[in-house]
Amino acid sequence: MRPDISITDVVLRDGLQDEPTITSVDDRAAIAEALVHAGVRDIEAASFVNPRRVPQMSGAELLAERVLPIAETTWRALALNGKGIARAASAGFTDITLVVSASAEHSRANAGRNPAEAIADFAPAVAAHPAVRFSGGVSTAFVCPFAGSIPSRAVVEIAEAYADIGIERIGLADTIGTAEPDAVESIVKQLKRSMPTAEISLHLHNAHGRAFETVDRAIAAGVRQFDSSTGGYGGCPFAPGAHGNIATEDLVAHLHELGLSTDIDLEGVNFAKSLIAEVLARGTPVAV
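**Student:** Quick question: what am I supposed to make of the overall build of the chain here?
**Tutor:** Counting its regular elements, the chain contains eleven helices and twelve strands. A globule of 288 residues ought to have a C-alpha radius of gyration of about 19 Å, and the chain, at 17 Å, matches this closely. For the C-alpha atoms alone, the extent of the chain along its principal axes is close to 45 × 45 × 40 Å. Out of the 288 residues belonging to the chain, those deemed buried represent 55%. Summarising the internal contacts of the chain: among those between residues at least 6 apart in sequence, 75% fall at separations of at least 24.

**Student:** Teacher, can you tell me more about the environment of Val184 here?
**Tutor:** With respect to the helices and strands, Val184 occurs in helix H8 (residues 181-194). Sequence separation between Val184 and Arg217 is 33 residues; the distance between their C-alpha atoms is 8.3 Å. Here Val184 is in contact with Phe142, Ala179, Leu202 and Thr214, once residues within four sequence places are set aside.

**Student:** What exactly am I supposed to notice about helix H9 (residues 211-220) here?
**Tutor:** For the α-helix, the turn length of 3.6 residues means that residues three or four positions removed from each other point alike. Taken as a whole, H9 has its buried residues at Ala211, Thr214, Val215, Ala218 and Ile219. The buried residues of H9 occupy an angular sector of 135° when projected down its axis, which confines them to one face. Here the buried face of H9 lies against H8, strand S10 (199-203), strand S11 (225-228) and helix H10 (248-257). Just downstream of H9 lies Gly222, where phi reads positive at about 110°.

**Student:** Can you walk me through the nonpolar core in this structure?
**Tutor:** Soluble globular proteins tend to pack their nonpolar side chains together in the buried interior. Among the nonpolar cores identified, the biggest contains 90 residues, and Leu98, Tyr162, Leu172 and Leu202 are the most heavily contacted of them. It is helix H2 (residues 25-37) that provides the largest number of residues to this core, a total of seven residues. In this structure Leu172 touches Val138, Ala141, Phe142, Val155, Ile187, Val188, Leu191, Ile200, Ser201, Leu202 and His203, once residues within four positions along its chain are discounted.

**Student:** Just checking my understanding: could you explain the pairing of strand S6 (residues 133-139) for this structure?
**Tutor:** Side-chain positions along a regular strand alternate between the two faces of the sheet. Of all the seven residues making up S6, six are buried; the element is thus mostly covered by neighbouring parts of the structure. Looking at chain direction, S6 and strand S9 (residues 169-173) are connected through three bridges and run parallel. Bridged to Gly137 within S9 is Gly171.

**Student:** In this structure, what is going on with unusual backbone geometry? I would like to understand it.
**Tutor:** Glycine aside, negative phi is the norm for most residues, and most peptide bonds take the trans geometry. The phi torsion at Thr140 lies on the positive side, around 45°, for a residue other than glycine. Given a relative accessible area of 0%, Thr140 falls into the buried group. The residue Asp263 is not glycine, and still its phi comes out positive at about 65°. Within the fold, Asp263 resides in the loop between H10 and helix H11 (266-281).

**Student:** Please explain the confidence of the model for the chain as it appears in this structure.
**Tutor:** Any residue range with low pLDDT should be treated as having predicted coordinates unsuitable for detailed reading. Averaged over all residues, the pLDDT of the chain is 91; the fraction at 70 or higher stands at 94%. Every residue in residues 237-242 scores below 50 in pLDDT, and together they form 20 contacts with partners more than four places removed in sequence or on other chains.

**Student:** I tried to follow the environment of Leu80 on my own but got confused; where do I start?
**Tutor:** Along the polypeptide, Leu80 turns up in the loop between strand S4 (74-79) and helix H4 (82-90). Linking Leu80 and Phe48, residues 32 residues apart in sequence, is a C-alpha distance of 7.7 Å.

**Student:** What am I meant to see in the side chain of Ser201 here?
**Tutor:** Tracing the chain through its elements places Ser201 in strand S10. In this structure Ser201 comes out as buried when scored by relative accessible area, which is 4%. In this structure Ser201 touches Arg169, Ile170, Gly171, Leu172, Val223 and Gln225, once residues within four positions along its chain are discounted.

Rules used in this analysis
Residues numbered from 1 in each chain as written. Predicted model: local features only at pLDDT ≥ 70, side-chain atom pairs only at ≥ 80, totals over all residues. Heavy atoms only, no water. Helix = DSSP H or I, 4+ residues; strand = E, 2+ residues; numbered from the N terminus. Rg over C-alpha atoms; globule rule 2.2 N^0.38 Å. Buried < 20%, exposed > 50% of the residue type's maximum accessible area, 1.4 Å probe, protein only. Contact = heavy atoms within 4.5 Å. Arc of directions from axis to C-beta. Core = buried A, V, L, I, M, F, W, Y, C linked by side-chain atoms within 4.5 Å. Pairing = 2+ DSSP bridges. pLDDT = per-residue confidence, 0-100.

Structure (structure tokens):
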């Protein structure tokens, strides 16, 4: 039986990419195994980006060799362009998350092009990998550090563009953590009206301490999938002011208090949290 709420833990990707140290493939694999032991069955393991820009994500192919054989777990990779998709698919990932910024300003800072160009780049690569289950991420879906509040229509248009190339699992990211619960609920409801068959997930940060209010409002609006990061690690290196992700252990505790199942063991997640702290302490500093 599926749990009431599905959680994708993103500490291996979004969590580690914003830390000032590079963790080894062995250490990342150990974190992955600890998360699986805790009952986490959906994990974003790596980002196939230029290692010169994000050195914390180097060795993604080697990590894939270590984690993909672990059964009964959905292993996700993130890609920002066609080259990244090809690398992730070649490494064996069958679940790949793409990302387009709702804000043109953030898109240029994060991916070097505007949202329309990003979708155009994705289309042929998606068509070339029919066996891959793609998810369409929308970063700065509510607030952008450069452009301010994002019009809901801009988010819906990107989601519809994803649907046009065959992607109907849509993830909305509150990249800097300052979205108001009202705004999140409004966009979720608008997306559900425009795309009633789409799966909608939320990726929340907690800059102003209202993330759990947003979670509750989103659940009431029909959202059943959330991203979180063990230990609350993470952020966006290309979004000034971005705060850490909502912590997996806090999200699980909150959902369990509401009587909602996740199939995740809190004690196991806290063990993984301790392991991550140890791993980061012995990591190699990122060259400045």
